[in-house]
Amino acid sequence: YFSDMHHDDEDEEALIEHVMKGKEDIPNGEDIMLQKEDQVIKVYSRRWYILGIFMMSVVNYNNIWLTYAVSPETSQALYDISSSTVNALTTTGPICYLIIYPLASSSIDKLGLRKSMLIATGLMASGSLLRSLCGGSAGTFWLVPLGQVLNSMSLPIVASLPSVVSSTWFPVNERTLASAIGSMPAACLGCAL
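Read on for a plain summary of the structure. (Residues numbered from 1 in each chain as written. Predicted model: local features only at pLDDT ≥ 70, side-chain atom pairs only at ≥ 80, totals over all residues. Heavy atoms only, no water.)

## So, the overall build of the protein chain
Here's step 1: Across its full length, the protein chain carries eight helices and two strands.
Here's step 2: Looking at the protein chain as a whole, 37% of its 193 residues are labelled buried.
Here's step 3: For the protein chain, the exposed area adds up to about 10700 Å²; of that, 60% sits on carbon and sulfur atoms. (Helix = DSSP H or I, 4+ residues; strand = E, 2+ residues; numbered from the N terminus. Buried < 20%, exposed > 50% of the residue type's maximum accessible area, 1.4 Å probe, protein only. Areas by Shrake-Rupley, 256 points an atom, 1.4 Å probe, with all protein chains shown as cover.)

Given below as structure tokens:
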């Protein structure tokens, strides 16, 4: 990006300053490197793909979380349970969020994005597996709440990751957009599915 431009060192510093403050757009589809003093920021064109992967985890969480609340009559008939039990399955998300959040936020800082994402998706997959092992039988219904709790334990990690992704992968002038795209639309899409 900088090599195609004819400029002196002062022009380059001014351009870096503008890009880092969000005053100049970075061309999409290009990998560029911004350097200012000792700080080097590499902007990858695949940053939007990475954000999309993290968005899918938010979509999956919400889709799994609200499975039984969407059609409570079907859940009641299938498992021979009351409507209050179906409602209790839905409340596992917020309850687990409150309990797990302090641990999750510190683990993201210590473990990083990749390991945190693996833990969150592992919890979602394990919870979904337990729920599917139930097979609609009232005798094995106890697997459903256990699966809901495992899925809900991933919420504090999944809900925190879009802002971490934007601050790690995106330049300053794109972080707000990346954070907004990574959280709300994905959560709404997951609820809609």
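## Topic: the nonpolar core
Here's step 1: Core analysis: the largest hydrophobic core is formed by 23 residues, its most contacted members being L51, F54, Y61, I157, V158, L161 and V165.
Here's step 2: Among the elements that make up this core, the one with the highest residue count is helix α2 (residues 47-65) (eight residues).
Here's step 3: Each residue touching L51, except ones within four places of it in the same chain, is listed here: V165, F170, A178, I181 and G182.
Here's step 4: Formed by 10 residues, the second largest nonpolar core is a distinct cluster that contains Y68, C134, L143 and V144. (Core = buried A, V, L, I, M, F, W, Y, C linked by side-chain atoms within 4.5 Å. Contact = heavy atoms within 4.5 Å.)

## Some thoughts on the packing of α2 against helix α6 (residues 143-153)
Axes are the key here: two packed helices are described by the angle between their axes and the distance separating the axes.
Here's step 1: Running from amino to carboxyl end, α2 crosses α6 at an angle of 155°, the nearest separation of the two axes being 10 Å. In terms of orientation, α2 lies roughly antiparallel with respect to α6. Relative to α6, the crossing made by α2 is left-handed. Only Q148, N151 and S152 of α6 make contact with α2, whose side of the interface consists of Y61, I64 and W65.
Here's step 2: In terms of residue class, the contact of α2 with α6 is made up of three nonpolar, three polar and no charged. (Axes fitted to C-alpha atoms, helices over the stretch in contact; angles between N-to-C directions. Parallel < 35°, antiparallel > 145°, perpendicular 65-115°, else oblique. Left-handed = near helix turned anticlockwise from the far one by under 90°. Nonpolar A, V, L, I, M, F, W, Y, C, P; charged D, E, K, R; others polar.)

## Things to note about the packing of aromatic side chains
Here's step 1: Applying the stated criterion across every chain, the model contains six aromatic pairs.
Here's step 2: Ring pairs connect the aromatic residues Y68, Y79 and F141, which therefore count as one cluster.
Here's step 3: The lysine or arginine in question, R46, covers the ring of Y44, its NZ or CZ lying 4.4 Å from the ring centre. (Phe/Tyr/Trp six-rings, centres within 6.5 Å; stacked < 30°, edge-to-face > 60°. Lys NZ or Arg CZ within 6 Å of the ring centre and 35° of its normal.)

## A word on the pattern of salt bridges
Here's step 1: Evaluated as defined, the whole model comprises one salt bridge.
Here's step 2: Between E174 and R47 there is a salt bridge, and its shortest N-O distance comes to 2.8 Å. Of the two residues, E174 is situated in the loop between α7 (155-169) and α8 (175-192) and R47 in helix α2; the sequence distance between them amounts to 127 residues. Each of the two residues, E174 as well as R47, counts as buried. (Salt bridge = Lys/Arg side-chain N within 4 Å of Asp/Glu carboxyl O.)

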